[in-house]
Amino acid sequence: MPGGDDFRGDSRVVVISGPPGSGKSTYAKRLAEDLGLSYYSTGTIFRSIARERGLSLAEMSRLAEEDPRIDLEIDRRTLDVASRGGVVIDSHLAAWLLRDKAQYLVLVKAPVWVRVRRIARRDGVPLRRALAETVEREWSQRLRFKRYYGIDVSDTTIFHLTVDTSMYSVEDTYRLILEGARRRGL
């Protein structure tokens, strides 16, 4: 995996992490725009690989449990993007991988029932399917991250800001995230 601080110009690196349906893409895209940074999503890469292989996200997660090369490739790409700087990264795992490189680590979360409703609405799937796939994906990710990296994603002490997105409007949540970025000099 790439190492060192190979920043080209803008060294800012922000990571927005959270489970599926927590709002990380919404906030990461907007923050990237407002801070004049690039946006990068590991979820987009994972979905792209799943589509290329003709797999659902749940099937792709099961495959990734058996083949560590999938996660390792996504993580290698993410570390490469971060090493160039000037980016907001939307990712489940990147906060732990980049905790010493990123200037701002944000965790967005929400109760599972809120996230499942959001996912069902976003993906146009029945609630039961969204629930089953979300639970399976989260369990798979938790196992893989522990096995591959020794990371316990339930340890959220690395984050500079944690926001429950079910407690505030999208605008109020975003204001909290942006204010945190400003306070960190971004």
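Residues numbered from 1 in each chain as written. Predicted model: local features only at pLDDT ≥ 70, side-chain atom pairs only at ≥ 80, totals over all residues. Heavy atoms only, no water.

**Brief notes about the overall build of the protein chain**
Right, so step 1: Check the secondary structure of the protein chain and you find 8 helices and 5 strands.
Right, so step 2: The N-to-C order of helical and strand elements in the protein chain reads β-α-β-α-α-α-β-α-β-α-α-β-α.
Right, so step 3: For 186 residues, the compact-globule estimate of 2.2 N^0.38 gives 16 Å, and the C-alpha radius of gyration of the protein chain, at 16 Å, lies within 12% of that figure.
Right, so step 4: Considered along the principal axes of its C-alpha atoms, the protein chain spans approximately 45 × 40 × 30 Å.
Right, so step 5: Considering the protein chain as a whole, with its 186 residues, one finds that 47% of them fall into the buried category.
Right, so step 6: Taking as baseline every contact in the protein chain between residues at least 6 positions apart, the subset at least 24 positions apart corresponds to 77%.
Right, so step 7: Charge-centre separation for the protein chain: the mean point of 32 positive side chains lies 3 Å from the mean point of 26 negative side chains. (Helix = DSSP H or I, 4+ residues; strand = E, 2+ residues; numbered from the N terminus. Rg over C-alpha atoms; globule rule 2.2 N^0.38 Å. Buried < 20%, exposed > 50% of the residue type's maximum accessible area, 1.4 Å probe, protein only. Contact = heavy atoms within 4.5 Å. Lys, Arg positive; Asp, Glu negative; His and termini not counted. Charge placed at Lys NZ, Arg CZ, Asp CG, Glu CD.)

**Describing the packing of helix α1 (residues 24–35) against helix α8 (residues 170–183)**
Right, so step 1: The geometry of α1 relative to α8 is characterised by a closest axis approach of 11 Å and an angle of 50 degrees between their N-to-C directions. Viewed along their axes, α1 and α8 adopt a mutual orientation that is oblique. Relative to α8, α1 is oriented so that their crossing is right-handed. Each of Thr26, Tyr27, Arg30, Leu31, Asp34 and Leu35 in α1 lies in contact with α8, whose residues at this interface are Val170, Glu171, Thr173, Tyr174, Ile177, Leu178 and Ala181.
Right, so step 2: Taken together, the residues that form the contact of α1 with α8 break down as 8 nonpolar, 2 polar and 3 charged. (Axes fitted to C-alpha atoms, helices over the stretch in contact; angles between N-to-C directions. Parallel < 35°, antiparallel > 145°, perpendicular 65-115°, else oblique. Left-handed = near helix turned anticlockwise from the far one by under 90°. Nonpolar A, V, L, I, M, F, W, Y, C, P; charged D, E, K, R; others polar.)

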